[in-house]
Amino acid sequence: MPSPVTNKLTQSLNCLSILYLEEIITVYIEEFKSFYPLKLTLIMNRELRLYFQRYREQFLPLQNIITYLVLTQLPVPLSGERVPSKHKGVNQGNQQLKKIWQSSLFSDKLSALVADSDYSQKDFIGEQVKHEDVVTITRVRSDRVFYRQFIRDPNQAKTSGHPRWYGDKFDLKDDQTWTEPDEVHHVPFTTKKGRQLTVTISGWKQMLMRGTKNYKMNNHPFTLLQIVVRDQERNSIWKPMWLIVIGSRRDELSLVDCYQCYRQRYDMEHLFRFGKQRLLMTSYLTPDVHHEENWFKLTLLSYVNLWAARKLAVVLPRDWEQYLKTNKSIKITPSLVQRDFSRIITTLGTFAKFPKRRGFSSGRIKGYKKAPRTRHDVIKKGSKKSTENLKAP
């Protein structure tokens with residue numbers, strides 16, 4: 001059971017997260033209107049796995065995986081929750097998004113939710129399509145099978161039985177089942193090294209996926225995108241990337257807009273790299289789950305503080321950073337803000353009072369023996385149980 005101090009800290013962090021959420025969204029909408037022409041609210045999600053060691057007898061290290069689902073709105077995180085061992089990351093993501101969609105700042109605003117292939121499941125997409133102002137863009141594996149939406153010929157006589165929903169088969173790994181795309185765009189771009197590349201975006205509209213008893217996916221058609229990057233000799237550089245765009249307002253986004261939205265998902269990798277290297281995101285080792293959750297939220301809130309204080313920071317270059325002294329148009333990074341954050345805190349001040357001595361602790365009672373911690377087994381998620389083929393006698 002968590003201690004009262006832990007509960008109080010958790011409540012304080014939750015309240016602080018809600019305040020930051022409202023402030024971040026407000027500033028984002030007002031400040032980044034010129035950043036994206038369609039004024040989309042981009043929310044990215046990703047599972048962050050923290051690897052840490054717990055030592056048992058003979059000091060043998062055992063690797064345990066704790067998964068945190070982080071939702072970010074460029075360029076700062078909005079929510080970070082631990083995925084329980086008995087739950088799926090998809091269910092945890094639905095719960096976190098439900099809290100965010102309830103914000104009044106998201107009402108009647110077109111929002112693009114970008115996710116990786118782990119969130120292309122029906123459990124996740126089926127919940128997000130219930131929101132009319134949300135367009136979900138997820139990556140899918142190259143072995144998925146979809147179907148064209150069946151359109152009955154108006155001159156054909158109606159037959160008895162269940163109406164047909166699914167049309168021709170569309171297998172991503174079998175190009176013989178592909179039909180001509182409904183729309184194709186070619187976007188040229190140049191890399192930082194000066195290499196000329198061309199992105200070919202092909203789109204198939206009114207596609208369907210198989211549904212379940214709880215999620216009738218035949219009522220939610222989507223647009224299927226194929227992303228192919230070619231060089232000047234028209235040779236494909238990487239494997240084709242497949243995206244699905246689903247939502248009632250998906251037609252308001254062009255194929256190029258959907259591709260640009262998904263590309264921005266990679267920008268959140270800078271948050272995890274900076275958090276691990278400079279904010280000690282994965283350095284705190286504790287067997288207490290509540291302490292670990294509070295620490296993870298503290299690291300996210302500290303990153304939000306760096307983003308909020310970016311306009312107050314002064315560039316303090318090192319002796320070997322001469323380029324920072326000569327360049328006047330310097331992009332303020334989280335590292336530069338953290339370098340000057342001690343001065344910012346002193347100028348802002350604090351409402352906290354100085355600590356006072358309250359005497360000396362009596363310590364433990366003589367003869368008290370602390371109970372050892374409970375040993376828990378390592379949980380391996382995703383492992384399938386081996387089943388033997390039993391023969392009839």
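- An unreviewed UniProt entry lists the protein chain under the name Transposase IS701-like DDE domain-containing protein, from Crocosphaera watsonii WH 8501.

A closer look at the overall build of the protein chain
Stage number 1. Helix and strand content of the protein chain: nine helices and eleven strands.
Stage number 2. Put simply, the protein chain has 393 residues, and 37% of those count as buried.
Stage number 3. Sequence separation of 24 or more characterises 61% of the internal contacts of the protein chain that already satisfy a separation of 6 or more.
Stage number 4. As presented, the protein chain carries roughly 26300 Å² of accessible surface, and 52% of it is formed by carbon and sulfur atoms.

Remarks on the nonpolar core
Stage number 1. Residues Ile125, Phe146, Phe222, Leu224 and Ile244 are the most contacted members of the largest nonpolar core, which totals 24 residues.
Stage number 2. Put simply, the parts of the chain that give this core at least two residues each are α2 (89-101), β4 (111-115), α3 (122-128), β5 (134-140), β9 (196-208), β10 (222-230) and β11 (241-246).
Stage number 3. Not counting residues within four places of it along the chain, the set of residues in contact with Ile125 comprises Tyr119, Ser120, Thr138, Met209, Met217, Ile244 and Ile246.
Stage number 4. Leu110, Ile227, Val229 and Met241 belong to the second largest nonpolar core, which has 20 residues in total.

Quick word on the packing of aromatic side chains
Stage number 1. Tallied over the entire structure, the rule returns eleven aromatic pairs.
Stage number 2. A centroid spacing of 6.3 Å and a plane angle of 80 degrees characterise the contact between Phe170 and Trp242, whose relative ring orientation is edge-to-face. Of this pair, Phe170 sits in strand β7 (residues 166-171) while Trp242 sits in strand β11; the two residues are 72 residues apart in sequence, bridging distant segments of the chain. Neither residue differs from the other here; Phe170 and Trp242 are each classed as buried.
Stage number 3. With a centroid separation of 5.2 Å and an interplanar angle of 70 degrees, the aromatic rings of Trp178 and Trp242 are classed as edge-to-face. Separated by 64 residues along the polypeptide, Trp178 in the loop between β7 and β8 (183-190) and Trp242 in strand β11 bring together distant segments of the chain.
Stage number 4. Under the relative-accessibility criterion, Trp178 is labelled partly exposed at 27%.
Stage number 5. Through a chain of ring-to-ring contacts, the aromatic side chains of Phe170, Trp178, Trp204 and Trp242 assemble into a single cluster.
Stage number 6. In this structure, Arg210 packs its charged tip against the face of Tyr147, placed 4.6 Å from the ring centre.

Comments concerning helix α6 (residues 289-308)
Stage number 1. Spanning 20 residues, α6 covers 29 Å between terminal C-alpha atoms, matching the ideal 28 Å at 1.5 Å per step.
Stage number 2. Along α6, the residues classified as buried are Glu292, Asn294, Phe296, Lys297, Thr299, Leu300, Leu301, Tyr303, Val304, Leu306 and Trp307.

A word on the side chain of Thr299
Stage number 1. Summarising the element assignment, Thr299 is placed in helix α6.
Stage number 2. Apart from residues no more than four positions distant in its own chain, Thr299 is found in contact with Leu279, Leu280 and Met281.

About the criteria used
All residue numbers refer to positions counted from 1 along the written sequence of the respective chain. This being a predicted model, a pLDDT of at least 70 is required before a residue's local features are given, and a value of 80 or more before pairs of side-chain atoms are given or counted; all residues contribute to the totals for chains, interfaces and linings. To obtain the side-chain values, all non-hydrogen atoms of the structure were used and water was disregarded. Every helix listed is a DSSP run of H or I at least four residues long, and every strand listed is a run of E at least two residues long, numbered separately from the N terminus. The classification of residues rests on relative accessible area computed with a 1.4 Å probe and restricted to protein chains. Under 20% of the type maximum is buried, over 50% is exposed, and intermediate values are partly exposed. Contacts are assigned to residue pairs that have any heavy atoms within 4.5 Å of one another. Note on areas: Shrake-Rupley, 1.4 Å probe, and residue coverage restricted to the protein chains presented here. Only buried residues count toward a nonpolar core, which is a set of Ala, Val, Leu, Ile, Met, Phe, Trp, Tyr and Cys residues joined through side-chain atoms within 4.5 Å. A pair of aromatic rings is counted whenever rings of Phe, Tyr or Trp (Trp by its six-membered ring) have centres within 6.5 Å, and the orientation is called stacked for planes under 30 degrees apart, edge-to-face for over 60 and tilted otherwise. Ring-over charges, as used throughout, are those where CZ of Arg or NZ of Lys falls within 6 Å of the ring centre and within 35 degrees of the ring normal. Every helix has an expected span of 1.5 Å times one less than the residues it contains.

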